[in-house]
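# Survey of secondary and tertiary structure
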Amino acid sequence: MTAPAVTAVPVHRAGRAPGGLPLLGHVPALFRDPLPFLRSLPAHGDLVEVRLGPQRAVMVCTPELFQHVLTDNRHFDKGGPLFDKLRPFLGDGLGSTPHEVHRRQRRQLQPAFRTEAFGRYLGVMLEEALATAGGWSDGDVIEVERHAYPLIARIITRTMFSADGSSAAVARIASVYPDFHAGIGRQMRYPSALLDRVPTPGNRRFRHACRTVSREVDGAIAARRSARDTTKDDLLALMIGEGLTDREMRDQVVTMLTGGIGTSASALGWALHFLSRDEESADAVAREARAVLPARADTRALTPADIARLETTSRVVAETLRYYPSAWFYSRTVTAPVELAGEHLTPGTPVLLSPYLLHHRPDLYPDPERFDPGRWSPERRAELPRQAYVPFGFGARKCIGDVYALTEITLALAVIASRWHLLPRPGPVLPHLVEPRPWTVIHPAPLRLRLRARHS
Ligand code: HEM
């Protein structure tokens, strides 16, 4: 008699992170130098207990558990320590609401990200990328995020809210977003809310940025309502059509800006950094851009099919988001008693998720500390564990702006690399070291690049 076939069910091991301090637990390791700490955790189990001060939390370390937590809506929902700090800024926007409210909101907002809408977005994305790359001169040393933030902020305000590119509101939002992000990042790391109120220069800039964002967003909503303009086909029009209140619209707009600016801007920054250290890829991206992109006068001729032809550039972007996934660390909370990897989790237990951790597991990505866009060639891609590549999350809460983000980053990178050689700033011996700063997103800081005009 033949034995019945047995389906292999992965058995998950639970473990504990070593080295927690009395009272503080693993908070110092997680907040002071988190990336090496995250990379060390899979050695201790598939689900690893860490202590956040007195509180027990668990870190998910395998793709299977990662996807399980993000799809089991009966036991896990938005929540956890980082989320709680971010919530006051985002209100009840799409990224923060509990599952039961989320489904309706997502349905209401999804049309702004449908493929047909991209016809209008592509022209704006290309125009803004050309303006940024065209504003530099041979020999300039640029501080990359000072340019990437305004570029991405201008694209999102122009596409989502049909703001006029020359309007002062676009310029004001674009100029304060670096301070807005830096402030949120600082507040997420501060253990006490009291420190948020100390009038340091950084806190003052943050408060100014918060006031500016509020004023501009409220102003854009009020202006649209009073204009009774029915010709626009953008996110604001969509929300008015769905009957959202001013408050609801405000939370959604701030969520889109906060979720969509720092993430894409830092990814673009890292992609430029990696190209500055990889001449071969930089040349290949430049050649491809020349072959695919229309000339300056022709920004409306660009189609989604052209973006699909930017294959080399897309591989650089994919590898950038593997290496430094902007949304590197987030959380869920347990909402009903559940067993995970054999561990009993009670309601309120924070569950920590890090795409960075998965993307740097050597068993999933060989030689993970090497930047290698070749991983994403069709042949090698087929060997990669697809379920372990999660820069945009997974399940019902997966990033609503994933295609939008990939499109704008790919396009901006192609435009910039086709016009400029990007040279790392020299250091005393080797090129200047660029440290990852994992705050709300992983920033490349300080990233300065020298530009040389590209003639071929
Ligand atoms: C490289 C760029 C980006 C990355 C890496 C990224 C990553 C993510 C991730 C990982 C999530 C899920 C978080 C969770 O499950 O808790 C998310 C959600 C979200 N993202 Fe993005 N994002 C990017 C760009 C954008 C852009 C451009 C927009 C808007 C235009 C955007 C808007 C949102 C929103 C609204 C959510 C909440 C979705 C929901 O809960 O239904 N993101 N993003």
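The notes below deal with the structure included here. In this text, all values refer to a predicted model and were calculated from it rather than measured experimentally.

The subject of this paragraph is the sheet that holds strand S5 (residues 141–143). Across the sheet, which stays open at both edges, the three strands sit in the order S5-S13-S10 with antiparallel pairing between neighbours. Of all the strands in the sheet, just S5 and strand S10 (420–424) have a single pairing partner and so form its edges. The mean angle between the axes of side-by-side strands here comes to 40°, regardless of whether they run parallel or antiparallel. Here S10 pairs with strand S13 (residues 448–453) via five bridges, running antiparallel. Across the sheet, residue Pro424 finds its bridge partner in S13, namely Leu449. Set on the sheet, helix H12 (residues 262–276) makes contact with S10 and S13; between it and S10 the angle comes to about 85°. Packed onto the sheet, helix H18 (residues 402–419) meets S10 and S13 and runs at close to 90° relative to S10.

Let us now look at unusual backbone geometry. Positive phi values are uncommon outside glycine, yet Leu23 reaches one of about 70°. Mapped onto the elements, Leu23 comes out in the loop between strand S1 (14–16) and helix H1 (27–32). Phi is positive for Asp367, close to 50°, though the residue is something other than glycine. Mapping Asp367 onto the fold places it in the loop between helix H16 (355–359) and helix H17 (378–381).

The full set close to the ligand counts 29 residues, and Lys78, His102, Arg106, Arg332 and Cys399 are the nearest of them. Residue Arg332 places a side-chain N or O atom 2.8 Å away from an oxygen atom belonging to the ligand. At the level of secondary structure, the elements contributing two or more residues to the shell around the ligand comprise helix H5 (99–109), helix H11 (246–260), H12, strand S6 (330–334) and H18. In the shell around the ligand, the residues fall into 14 nonpolar, 10 polar and five charged.

A few words now on the coordination of the iron atom of the ligand. Six octahedral donors around a metal ideally subtend angles of 90 or 180 degrees, whereas four tetrahedral donors ideally subtend 109.5 degrees. Donation to the iron atom of the ligand from the protein comes from one atom only, Cys399 (SG), at 2.3 Å. Note on placement: Cys399 falls in the loop between H17 and H18.

What counts, and where the lines are drawn
Residues numbered from 1 in each chain as written. Predicted model: local features only at pLDDT ≥ 70, side-chain atom pairs only at ≥ 80, totals over all residues. Heavy atoms only, no water. Pairing = 2+ DSSP bridges. Helix = DSSP H or I, 4+ residues; strand = E, 2+ residues; numbered from the N terminus. Axes fitted to C-alpha atoms, helices over the stretch in contact; angles between N-to-C directions. Contact = heavy atoms within 4.5 Å. Near = heavy atom within 4 Å. Polar contact = N/O pair within 3.5 Å; in protein donor to acceptor, adjacent residues only side chain to side chain. Nonpolar A, V, L, I, M, F, W, Y, C, P; charged D, E, K, R; others polar. Donors = N, O, S within 2.8 Å, 3.2 Å for Na, K, Ca; no water.

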